[in-house]
Number of protein chains: 4
Amino acid sequence: MLRLRVTTGGAVPIYRQVIDQLRQSCASGKLSVGDAVPSVRALAKELLVNPNTIAKAYAELVRDGVLESQRGRGYFVAAQRNIFSAKERRRRLDLVMDPFLAEALTLGFDPQQIRDEVAKRLDRMTKSKS
Amino acid sequence: MLRLRVTTGGAVPIYRQVIDQLRQSCASGKLSVGDAVPSVRALAKELLVNPNTIAKAYAELVRDGVLESQRGRGYFVAAQRNIFSAKERRRRLDLVMDPFLAEALTLGFDPQQIRDEVAKRLDRMTKSKS
Amino acid sequence: MLRLRVTTGGAVPIYRQVIDQLRQSCASGKLSVGDAVPSVRALAKELLVNPNTIAKAYAELVRDGVLESQRGRGYFVAAQRNIFSAKERRRRLDLVMDPFLAEALTLGFDPQQIRDEVAKRLDRMTKSKS
Amino acid sequence: MLRLRVTTGGAVPIYRQVIDQLRQSCASGKLSVGDAVPSVRALAKELLVNPNTIAKAYAELVRDGVLESQRGRGYFVAAQRNIFSAKERRRRLDLVMDPFLAEALTLGFDPQQIRDEVAKRLDRMTKSKS
DNA sequence: GTGGTCTAGACCACA
DNA sequence: GTGGTCTAGACCACA
């Protein structure tokens, strides 16, 4: 059973947190192709947020090819297809990588530590798949 | 002499870019403890942005212990205090690492590619120190 | 000056109409790279619809790389870049072409007429660019 | 024997797919005036969908003059009446053509490619007549 | 002034 | 029951 948690008041919008956590669930294999995700209303009720906020998150995941919606039935995990051009994928990677690395360095981690942590986390994410 | 560049086009707010670049300059050693950073007005003029935007960025950097203000003299790079406990640093690292890795994976990059890109980017960031 | 019109009550959602018309304005050269589009509030007021509806349309155009938003400044026409993979572009073309052709045939136009009308309309769209 | 196929995955509602495919079968000559179409129940059973969904599709086709219902006998392809004036047909064509062309252009296809794809697709649609 | 997020709540489309 | 669209309106972030 999918467990999501969001915090309010912080800098990260609720809908962004939902997106990130669902992406992670897909990437880590906690969710597989074809799996249903909670309905907009059910998740909104569980997280105590407005259904529109969940709908917004789900809509973005659909646009990015992570989820598919079936009207009247619900949202489901889509087969991963690379919808973006190589250039765009690269652009989007940099867009998320740079702030991450800047923050990691600012936190006092050195390059070697960062590489190690990234490798370790990637292992955990992909191993748990099988 | 410190060189900052901001782009007014993208999604990242100007004050955020200023913060990120100064943090990175400190992390990479381009700026050392005690170094002066440009005055609010000078930097605003140079970057052609509103002084309020720079003031806001500097205020956040002071709040985070990256800069110190000396009244009447200007802003200086603060002695690197590790404000956070090891556990807290770790927590904050995960907080930014997980969404980054999840997005990278759903973009279709595999673990090896992600490790390579991270290493490459880190090299570029830290080489520019010398 | 950009002129948009929407009808309510029909099958086509308002935000979809806004998207279509802005796409057309870009495709036909009525709008050029860097041009500002009306602010969310201004357009909402002009069309007598809710600002959220306009915001939704603009957000989709940003996601598709047609517009760029500059926080605090407004929305602007983005440089056209092909953000989608060849496969995805093809998929999206079919997604809009098939319903169009089916409707055209149902209206009683024969293939030759449809080809002619498409060619004529394309000419008008791209000639008006210069 | 009429062959319909519906996919329950995508964004297009099932009843819409049924409508589009029947319209296309009529337009392409696969179905001729007076031909019977499958009964609501038979088609629902064949496609594994709710009979209400088929009933809804047939109702719209009757409303548009594509089908006729004969009480107790079933649904039949109606005599092709051109319900719309030439002007109205033209207006309706533009209504669907413009968004299609605008999207195709903003997807990065050039006029020549669009003309080619349209011609190719039309060929395939009408060849299947024989 | 601009855009961004979120809530509360209505009403429709679809299965 | 499910998702989709839209309104009214609040409050924040940014320039």
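Remember, predicted model here, so these are calculated numbers, not experimental data.

**Points about the overall build of chain A**
- When helices and strands are counted, chain A shows five helices and two strands.
- Overall, the C-alpha framework of chain A stretches about 50 × 35 × 30 Å when taken along its three principal axes.
- Looking at the 130 residues of chain A, the share that counts as buried comes to 30%.
- Summarising the internal contacts of chain A: among those between residues at least 6 apart in sequence, 51% fall at separations of at least 24.

**Topic: the protein's contact with DNA strand E**
- The environment of DNA strand E is made up of 27 residues, and the closest members are P13(A), I14(A), N50(A), G72(A) and I14(D).
- The residue makeup of the surface near DNA strand E, split by class, is 11 nonpolar, 11 polar and five charged.

**Let's talk about the interface of chain B and chain A**
- Facing the 32 residues of chain B at the interface are 34 residues of chain A.
- Those elements giving two or more residues to the side of chain B that touches chain A turn out to be α1 (14-28), α4 (86-106) and α5 (111-127) of chain B.
- Considering each element in turn, the side of chain B that touches chain A owes the most residues, 14 residues, to α4(B).
- In the side of chain B that touches chain A, the residues fall into 18 nonpolar, five polar and nine charged.

**Thoughts on the domain arrangement of chain A**
- Parsing chain A into structural domains produces domain 1 (14-77) and domain 2 (86-127).
- For domain 1 of chain A and domain 2 of chain A, the distance between their C-alpha centroids amounts to 24 Å.

**Digging into the protein's contact with DNA strand F**
- Among the 27 residues in the neighbourhood of DNA strand F, the closest are listed as I14(B), P13(C), I14(C), N50(C) and G72(C).
- When residues of the surface near DNA strand F are traced back to their parent elements, those giving at least two are α2 (40-47), α3 (51-63) and β2 (74-77) of chain A, α1 of chain B together with α1 (14-27) and α3 (51-63) of chain C.
- For the surface near DNA strand F, the class distribution of residues is 11 nonpolar, 11 polar and five charged.

**A look at the nonpolar core**
- With 60 residues, the main nonpolar core has Y58(A), A104(A), V18(B) and A104(B) as its most contacted residues.
- It is α1(B) that provides the largest number of residues to this core, a total of seven residues.
- For V18(B), the contacting residues outside a window of four places in its chain are L4(B), V6(B), I54(B) and A57(B).
- Listed in part, the 59 residues of the second largest apolar core include V18(C), A27(C), L93(C) and C26(D).

**Quick word on the relation of the copies chain B and chain A**
- Overlay of chain B on chain A (RMSD 1.6 Å): rotation 173°, translation along the axis 0.1 Å.
- Here 97% of the interface residues in chain B have copies in chain A that are interface residues too; the copies meet face to matching face.

**A closer look at α3(A)**
All names here are of chain A.
- Over its 13 residues, α3 extends 18 Å from the first C-alpha to the last, a length consistent with the 18 Å expected when each residue adds 1.5 Å.
- Along α3, the residues classified as buried are I54, K56, A57, Y58, A59 and L61.
- Of the surrounding elements, those touching the buried residues of α3 are α1 (14-27), α2, β1 (67-70) and β2.
- One or two residues past the end of α3 sits G65, with phi positive at roughly 80°.

**Concerning the pairing of strand β1 (residues 67-70) of chain C**
All names here are of chain C.
- The pairing of β1 with strand β2 (residues 74-77) spans four bridges and is classified as antiparallel. Residue pairing in the sheet places E68 in a bridge with F76 of β2.
- Hairpin remark: β1 followed by β2, antiparallel, with three residues in the connecting loop; positive phi at G72, about 85°.

About the cut-offs
- Residues numbered from 1 in each chain as written.
- Chains lettered and ligands numbered in written order.
- Predicted model: local features only at pLDDT ≥ 70, side-chain atom pairs only at ≥ 80, totals over all residues.
- Helix = DSSP H or I, 4+ residues; strand = E, 2+ residues; numbered from the N terminus.
- Buried ≥ 20, exposed ≤ 12 C-beta atoms within 10 Å, placed from the backbone.
- Contact = placed C-beta atoms within 7 Å.
- Near = placed C-beta within 6 Å.
- Nonpolar A, V, L, I, M, F, W, Y, C, P; charged D, E, K, R; others polar.
- Domains from an automatic or database assignment.
- Core = buried A, V, L, I, M, F, W, Y, C linked by C-beta atoms within 7 Å.
- Least-squares fit on C-alpha atoms with pLDDT ≥ 70 in both.
- Expected span 1.5 Å × (residues − 1).
- Pairing = 2+ DSSP bridges.

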